[in-house]
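# Fold and contact review
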Amino acid sequence: MRENEYSLAGKMIAMSIVHGGPGPNFLSRDLVSYISGQSSVHSSVADDTDEEIGKVLQEIQKASSLQTLRHLMVQHSTMLQTAGCFKHVKSLEEKHSIVKMYLRWYIIDRNHSAIERFQNGLATLQVLTALQQYPLALTPVLCHSKKKFSAVDIENLFRPELSPDGSNQRAQENKTTSFWADCLLYCEEHNSEVTLEDVLMFATGVPCMRPAGLDPQPCLEFS
């Protein structure tokens, strides 16, 4: 905060997206939802990276009776009071709202100053404005995703420059293209030290798809 690094991070991300670089792909969906103007929080206890806090929230979430829930509320009153969600519960169903309130505080409210500075940085080159206008299009660029490249993704990305159909060269090119597909599949199945990301990095200079796409589109030339 003192070095204003949150603002700098926002600027770096904005510059990268606009100038054809990669997106960050590491921010939480709730954070991106919040800065894009959608205030809802959809995190689950599993998203909490603090082991002790996650354990407490799981206990509250799994409480099987009102008496157990009240006991847990008292037992962890200090933690819940810090987040402003300690209260006298009247029904077992309130456990869900308590967990949701805590997660909202943990992810958004306690980090308000840092998020505000990050937003200021992200406003560079109107990226924040674009995110708020087109959240569905830009959210995947910013959020963490476990989806990885498949061999088919890479195969479809590289456009082969083929000779006329029926020519001798075309027959050889079709054979070579099938070897290329086999090679990509080999990389995907981890039978090689070379990964699909390595292939993309070698050919294009980036290990992932850029938000603005790749221009020019990668192609296969046959020698």
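Residues numbered from 1 in each chain as written. Predicted model: local features only at pLDDT ≥ 70, side-chain atom pairs only at ≥ 80, totals over all residues. Heavy atoms only, no water.

As annotated in an unreviewed UniProt entry, the protein is G2/M phase-specific E3 ubiquitin-protein ligase from Crenichthys baileyi.

## Points about the packing of helix H3 (residues 51-61) against helix H6 (residues 94-107)
With their axes 9 Å apart at the nearest point, H3 and H6 run at an angle of 160 degrees to one another. For the element pair H3 / H6, the angle class is roughly antiparallel. Helix-helix and strand crossings are classified by hand; for H3 and H6 the assignment is left-handed. Between H3 and H6, the residues in contact are Ile53, Leu57, Ile60 and Gln61 and Lys95, Val99, Tyr102, Leu103 and Tyr106, respectively. When its residues are assigned to classes, the contact of H3 with H6 shows 7 nonpolar, 1 polar and 1 charged. (Axes fitted to C-alpha atoms, helices over the stretch in contact; angles between N-to-C directions. Helix = DSSP H or I, 4+ residues; strand = E, 2+ residues; numbered from the N terminus. Parallel < 35°, antiparallel > 145°, perpendicular 65-115°, else oblique. Left-handed = near helix turned anticlockwise from the far one by under 90°. Contact = heavy atoms within 4.5 Å. Nonpolar A, V, L, I, M, F, W, Y, C, P; charged D, E, K, R; others polar.)

## Thoughts on the pattern of salt bridges
What the rule picks out here adds up to 3 salt bridges. In this structure, the salt-bridge partner of Lys87 is Glu94, at a minimum N-O distance of 3.1 Å. Looking at Lys87, the relative accessible area reads 35%, which means it is partly exposed. On the basis of relative accessibility, which here comes to 15%, the residue Glu94 falls in the buried class. For Arg104, the salt bridge goes to Asp109, with nearest N and O atoms at 3.5 Å. Relative accessible area serves as the criterion here: at 38%, Asp109 is assigned to the partly exposed category. (Salt bridge = Lys/Arg side-chain N within 4 Å of Asp/Glu carboxyl O. Buried < 20%, exposed > 50% of the residue type's maximum accessible area, 1.4 Å probe, protein only.)

## Describing unusual backbone geometry
The residue after Asp215, namely Pro216, is reached through a cis peptide bond having omega 5 degrees. Among the structural elements, Pro216 can be located in the loop between helix H12 (196-204) and strand E2 (219-220). The phi dihedral of Leu125 is positive, around 60 degrees, even though this residue is not glycine. Secondary-structure assignment places Leu125 in the loop between helix H7 (112-122) and helix H8 (127-133). At Gln126, a position not held by glycine, the phi torsion is positive, near 65 degrees. Structurally, Gln126 is set in the loop between H7 and H8.

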